[in-house]
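# Working through the structure, step by step
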Amino acid sequence: MNKLKFIAQIVFFALFLVNNFFISLAVAESTDLVAKGRDIFVNETFAGNGRTCSTCHRLDNNHTIDPKYIATLPDSDPLFVAENNPALAELEKPQLLRQFGLILANLDGFDKPGVLRGVPHLFALKTSMTPEAEFEGTQVKHALGWSADGSPDDGSLRQFTVGAITQHFPKTLNRKSGVDFRLPTNEELDALEAYMLSLGRSEELDLDSMFFSSPIVQKGRELFHSKEKGTGQCKGCHLNAGANSSSSLQNGNRDTGVENMPNNLLKLVWKPTPIDGGFGQEEKTECGFSKKETCYGNREFNMTTLVEAADTAPFFHNNSVNTIEEAVAFYNSNAFHQSAGANPADPKDPKSVCERCIHLEPTQVTAIALFLRTLNAMENIRSSNQLEQALEDLSKIDRQEQIRLAMAETLDAIEVLEGGSIIPNPKSVKLLHEALKIEKKALNSRYKMDALTIISEAINLKKLANDLLLAPTKN
Ligand code: HEC
Ligand code: HEC
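Residues numbered from 1 in each chain as written. Chains lettered and ligands numbered in written order. Predicted model: local features only at pLDDT ≥ 70, side-chain atom pairs only at ≥ 80, totals over all residues. Heavy atoms only, no water.

Scanning the protein chain from terminus to terminus reveals 15 helices and eight strands. Taking 23 Å as the expected radius of gyration for a compact globule of 475 residues, we find that the protein chain reaches 24 Å, a close match to that expectation. Each principal axis of the C-alpha atoms in the protein chain carries an extent, and together these give about 85 × 65 × 55 Å. Across the 475 residues that make up the protein chain, the buried fraction comes to 52%. (Helix = DSSP H or I, 4+ residues; strand = E, 2+ residues; numbered from the N terminus. Rg over C-alpha atoms; globule rule 2.2 N^0.38 Å. Buried < 20%, exposed > 50% of the residue type's maximum accessible area, 1.4 Å probe, protein only.)

Here it is in structure tokens:
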């Protein structure tokens, strides 16, 4: 009996070891795939015009690019191929690229004028691309890009790469695969998908059970995460400050009227800038502020995550707004009140009763923006610490690269908390400054043990900075 039990235990233990062995193999394999994907994302030109994915989705800039970053690049950077290669002169609109960070994208087909769009960060895709039922019967498998229809073929994240190469990588505008670029292999597509899915948060926050130490930020959360009239009513389309509807719990498209703001800044710079019709390719003739322009699409754009927003200015699909405060205040505007997203009783009369004629006083705008800044800083801290907790097995060069990326996140946290002028949590900002100084020391330290010891101090300071932003219950 005892012997049998002993044998059973041995067999059980052996099975346990074998099982663990396979689990760790699988984990190692998926980490390898992510590393391979990152290498392709950063270095692979797909035999095209010299651009790579990271030409626009910069790793040290939240996987996006903006006018401030662009201003630091040499004219020889492949981002500017349209300025340097006559065969690609029509690939971009250089003034809009340099002043607004906008990229030309032929979402309505290569025979139509392209629309001009900002580069989205690639964070938290796991939480933000499951499409609502309204997309059934369309090609949208994953809701991607500013109007959800950014991916060709089956509309999946995996196929997005094929569309991005055809759009951004060609040597000439004939865009012939095999001549102007090469298509990715299946292995490359798998690796890029794994890499992109590894970026940022993989889970939604639970805002209703989060409390903030600053009464301003707490008020911002209450105004934001509600559907009651008299509040910001943001929850309906940004559940938990993510990209999902609070009714469908999925990622949908809405018409919020961003294209209908007066004095379109893009057109002031380049008059022929086309109006962006959002989802689909159907021709419409009553587009823009004048209601007289042609555009292609149903005017709907994809709901975006907001946890990651504050450090990725400018805002909206056409980068038309400078600050997070202005993006919040947009919901006070006629452009929004007259859009389908506000549910107006009479779309032609901005004063008519509408379900979401949101009105926020400047103090309330400020409170919501400070709340979004705080969420963003917390995510920066999480991400910075995650990078620094994974330094152990890296070579010196890789370790330094990873510390640099972590420092970019720490710096974002500081900038986002300071950028509002009012600083509700000054102690957190001070701790983050200290952490950044320590990270600089770790970056320059020659020995791994030293670097790891120093970095653990920075990790602790950031954790403390994070904890000071929160309160256990409502204060
Ligand atoms: C020239 C700049 C540029 C390059 C290079 C580029 N992208 Fe993009 N990317 C954009 C723009 C602009 C959008 C928004 C497109 C839209 O609205 O449909 C975008 C959107 C995306 C999205 C959707 C993100 C979301 O949140 O919905 C993914 C995924 C993506 N790109 C992946 C890639 C990959 C992979 C590569 C390399 C093969 C790449 N990009 C190369 C500019 C670029
Ligand atoms: C009817 C749905 C809806 C409501 C309500 C709504 N949003 Fe949005 N939000 C969107 C959509 C759709 C976009 C993308 C619009 C675009 O780019 O044209 C967006 C984009 C944004 C952006 C820009 C994100 C970026 O990265 O550029 C911010 C900031 C934002 N919303 C904040 C808010 C706040 C704050 C509220 C409440 C006052 C709110 N939203 C209410 C649907 C909504």
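Time to look at the domain arrangement of the protein chain. By domain assignment, the protein chain separates into domain 1 (32-197) and domain 2 (364-471). A straight line from the C-alpha centre of domain 1 to that of domain 2 covers 29 Å. In this assembly, five residues from domain 1 lie in contact with five residues from domain 2. Note on domain 1 versus domain 2: buried area summed over both sides is about 410 Å², and carbon and sulfur give 42% of it. The largest share of the area that domain 1 buries against domain 2 comes from Arg38, Asp60 and Asn62, three residues that together contribute 73% of it. At the boundary of domain 1 with domain 2, the tally comes to zero salt bridges. A per-class count over the side of domain 1 that touches domain 2 returns two nonpolar, one polar and two charged. (Domains from an automatic or database assignment. Contact = heavy atoms within 4.5 Å. Buried area = accessible area lost by both parts, 1.4 Å probe. Salt bridge = Lys/Arg side-chain N within 4 Å of Asp/Glu carboxyl O. Nonpolar A, V, L, I, M, F, W, Y, C, P; charged D, E, K, R; others polar.)

On to the coordination of the iron atom of ligand 2, then. Around the iron atom of ligand 2, the protein contributes the donor atoms His238 (NE2) and Tyr331 (OH), which lie 2.0 to 2.1 Å from the metal centre. Each of the six donor atoms bound to the iron atom of ligand 2 contributes to angles spanning 87 to 179 degrees, and the resulting shape is octahedral. Taken together, the residues histidine 238 in the loop between α8 (215-224) and β4 (253-254) and tyrosine 331 in the loop between α10 (324-329) and α11 (334-337) connect sequence positions 93 residues apart. On the accessibility criterion, histidine 238 (10% relative accessible area) is buried. (Donors = N, O, S within 2.8 Å, 3.2 Å for Na, K, Ca; no water. Tetrahedral: all angles 85-135°; square planar, octahedral: opposite > 155°, others 65-115°.)

This part is about the site of ligand 2. Close contacts around ligand 2 come from 25 residues, with Cys234, Cys237, His238, His317 and Tyr331 the closest. Measuring from a nitrogen atom of ligand 2, one finds a side-chain N or O atom of histidine 238 at 2.9 Å. When residues of the shell around ligand 2 are assigned to their parent elements, the largest contribution, three residues, is made by α10. Here the shell around ligand 2 is built from residues that sort into 15 nonpolar, eight polar and two charged. (Near = heavy atom within 4 Å. Polar contact = N/O pair within 3.5 Å; in protein donor to acceptor, adjacent residues only side chain to side chain.)

Coordination of the iron atom of ligand 1 by the protein comes from a single atom, His57 (NE2), at 2.1 Å. Summarising the element assignment, histidine 57 is placed in the loop between α1 (2-43) and α2 (67-70).

Before going further, it helps to examine the state of the cysteines. If you walk through the whole model with that rule in mind, you get two disulfides. Each sulfur of the disulfide joining cysteine 287 and cysteine 295 lies 2.1 Å from the other. Measuring handedness by torsion sign, the sulfur bridge of cysteine 287 and cysteine 295 sits at about -65 degrees and is left-handed. Take cysteine 287: its relative accessible area is 1%, and that puts it in the buried class. We classify cysteine 295 as buried; its relative accessible area is 2%. The partner cysteine of cysteine 354 in its disulfide is cysteine 357, sulfur to sulfur 1.7 Å. On the sign convention where negative is left-handed, the bridge of cysteine 354 and cysteine 357, at about 110 degrees about the S-S bond, is right-handed. Using a relative accessible area of 6% as the deciding quantity, one classes cysteine 354 as buried. Counting only the cysteines that form disulfides, in the order they appear in the protein chain, gives the pairing 1-2, 3-4. (Disulfide = S-S within 2.5 Å.)

Before going further, it helps to examine α8. Among all positions in α8, only Val217, Gln218, Gly220, Arg221, Leu223 and Phe224 are buried. Packed against the buried residues of α8 are β3 (211-212) and α12 (362-388).

Attention now moves to the site of ligand 1. The environment of ligand 1 is made up of 26 residues, and the closest members are Cys53, Cys56, His57, Gly145 and Trp146. Within the contact set of ligand 1, an oxygen atom lies 2.9 Å away from a side-chain nitrogen or oxygen of arginine 117. Take glycine 145: an N or O atom from its main chain is 2.7 Å from an oxygen atom of ligand 1. Top contributing element to the shell around ligand 1 by residue count: helix α6 (residues 157-168), with six residues. Tallied by class, residues from the shell around ligand 1 come to 16 nonpolar, eight polar and two charged.

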